[in-house]
Amino acid sequence: MIFKVSEQVKAIKAYEPGKPLKEVEREYGITHAVKLASNENPFGFSSRIHNAVLDHLNQMNRYPESTAFELTQKLARKFHVENNNIVVGNGSDDVIALLAHAFLNPGDEALMPLPSFLMYEISVLTAKGKPVMVPLTDYSTSLDGILEQISPKTRLVFITNPFNPTGSIITQDQFERFANKVPGDVLIIVDEAYIEFVRDRTVFNSLDKPLADPRIVTLRTFSKAYGLAGFRVGYGIMDIEVAAVLHRIRQPFNVNSLAQVAAVAALEDELFLQQTIKATHVGLDYLISQLTKMGIDCLPTQSNFLMVDLKTDATQVFEEMLSFGVVVRSMKSYGFDTFLRINTGTPKENTTFIKVLKEVLKNRGD
Ligand SMILES: Cc1ncc(COP(=O)(O)O)c(C=O)c1O
């Protein structure tokens, strides 16, 4: 190509999304494929959302409200913060990108675990920053490792709690000890995409005391526990001055109006959320007990997904499972060659997964 691509952009590995169901069904000529690959909500979303969205359809000739006013206000009340502490985005992906673009000058460093949710690295590189990746310790975020890598160039630190892909958590004590050693001018981005699923009460939850520390930016999403992945809506809660910078650079209509309406309705249905969380725990416990009976090791998890060690090439197993219409995630590209990551499905999807995994492992004879 004659057009010169920026050096940082050249270094970007494309984000590999979980294989969409429709694509698997087309490729393998099957129907009713099961997807346990993207940590989505298998139970759908609150029934209130259907009517709310349908009622809004005849207004889709208008631009959305730029401030996502009703949603922002609802979130502000829920978390006891002001509207101008909140930045809503086209998924939390959007807020991650805004943070990188707003706070990195060329060559500035952003620390993150290795491996991490890929959008951190992609956003930092597109913002001309330098991602500094810190290997995990025992499948968990190495907070000490991150502290060791802090330099005068560090501007951002990404923490994921609970961690994707392993499901480990950072406790309140661990976070406090860590934060005490992070310089005052470094933003600590705490991505809590899966926090609703955590069962361990020692977890650090940054919104227990919102805005207690101006360095902390909390990221949350409606894509997981609320089941709105297709609507694309997530948000950050942060210091007013930090939020003001993001508001200045965001797209004026970054959250479409159906997403705003859906998220408002989702917040009004606490029962659906609680049912999702309960059913997710039941599903996880079922999967763990079945896998353990099969002699397969699972990493402990505090999320809606779990990593399983098949002690064989995970990508081959992933591909063989696809031909049975079950989509999981091989962790090979994350550096865990023998691990799959699976999220909980409906009870039927979970039993199908176990049945197909048994079949595939039997056929392989490893
Ligand atoms: C850790 C983590 N953060 C953020 C996201 C993105 O969420 P959203 O759909 O809100 O962009 C994901 C999605 O998989 C994730 O795993």
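Because the structure is a prediction, the values reported are computed rather than measured.

Neither face of strand E8 (residues 234-237) is exposed, since Gly-234 and Gly-236 on one face and Tyr-235 and Ile-237 on the opposite face are all buried. Looking at chain direction, strand E2 (residues 86-89) and E8 are connected through 4 bridges and run antiparallel. Within E8, the position partnered with Val-88 by the bridge is Tyr-235. Of the strand pairs in this sheet, strand E7 (residues 216-221) and E8 are connected by 4 bridges, and their pairing is antiparallel. By the bridge assignment, Leu-219 is partnered in E8 with Gly-236.

Bringing the domain arrangement of the protein into the picture now. One can read the domain layout of the protein as domain 1 (17-45 + 271-364) and domain 2 (49-268). Here domain 1 and domain 2 have C-alpha centroids that lie 26 Å from each other. Taken residue by residue, the interface counts 24 residues in domain 1 and 22 residues in domain 2. Secondary structure elements with two or more residues in the side of domain 1 that touches domain 2: helix H11 (270-293) and strand E10 (305-309). Here the element with the most residues in the side of domain 1 that touches domain 2 is H11; it accounts for 5 residues. Split by residue class, the side of domain 1 that touches domain 2 holds 11 nonpolar, 11 polar and 2 charged.

An order of E9-E10-E13-E12 is seen for the 4 strands of this open sheet, with the pairing classed as antiparallel. At either end of the open sheet lies a strand with only one pairing partner, and these are strand E9 (297-298) and strand E12 (329-330). Here 5 bridges tie E10 to strand E13 (residues 339-343), and the two strands are oriented antiparallel to one another. Bridging across to E13, Met-307 finds its partner in Arg-341. Contacts between H11 and the sheet are confined to E9 and E10, with E10 contributing the most and set at about 10° to the helix. Across the sheet, helix H12 (residues 314-322) lies against E12 and E13, angled at about 45° from E13, the strand it touches most.

Turning next to the site of the ligand. If you check the shell around the ligand, you find 13 residues, and the closest are Gly-91, Asp-93, Thr-221, Ser-223 and Gly-234. In terms of residue class, the shell around the ligand is made up of 3 nonpolar, 8 polar and 2 charged.

What counts, and where the lines are drawn
In this numbering scheme, every chain counts its residues from 1 along its sequence in written order. Totals for whole chains, interfaces and linings use every residue, but because this is a predicted model, local features are given only for residues with pLDDT of at least 70 and side-chain atom pairs only at 80 or more, for both listing and counting. Exposure criterion: with C-beta atoms placed from backbone coordinates, a residue whose C-beta has 20 or more other C-beta atoms within 10 Å is buried, one with 12 or fewer is exposed, and one in between is partly exposed. Strands here are runs of E lasting at least two residues and helices are runs of H or I lasting at least four, both read from the DSSP assignment and numbered beginning at the N terminus. Each pair of strands is called paired provided DSSP finds at least two bridges between the two strands. Each domain's extent is set by a domain assignment, obtained either automatically or from a database. Contacts are defined on C-beta atoms placed from the backbone: any two residues whose C-beta positions lie within 7 Å are in contact. Amino acids outside the nonpolar list (Ala, Val, Leu, Ile, Met, Phe, Trp, Tyr, Cys, Pro) and the charged list (Asp, Glu, Lys, Arg) are all regarded as polar, and Gly is one of them. Simply put, an axis is a line fit to the C-alpha atoms, just over the touching stretch for a helix, and the angle between two N-to-C directions goes from 0 to 180 degrees. Note on definitions: a residue is near a molecule or strand provided its C-beta atom, placed from the backbone, lies within 6 Å of it.

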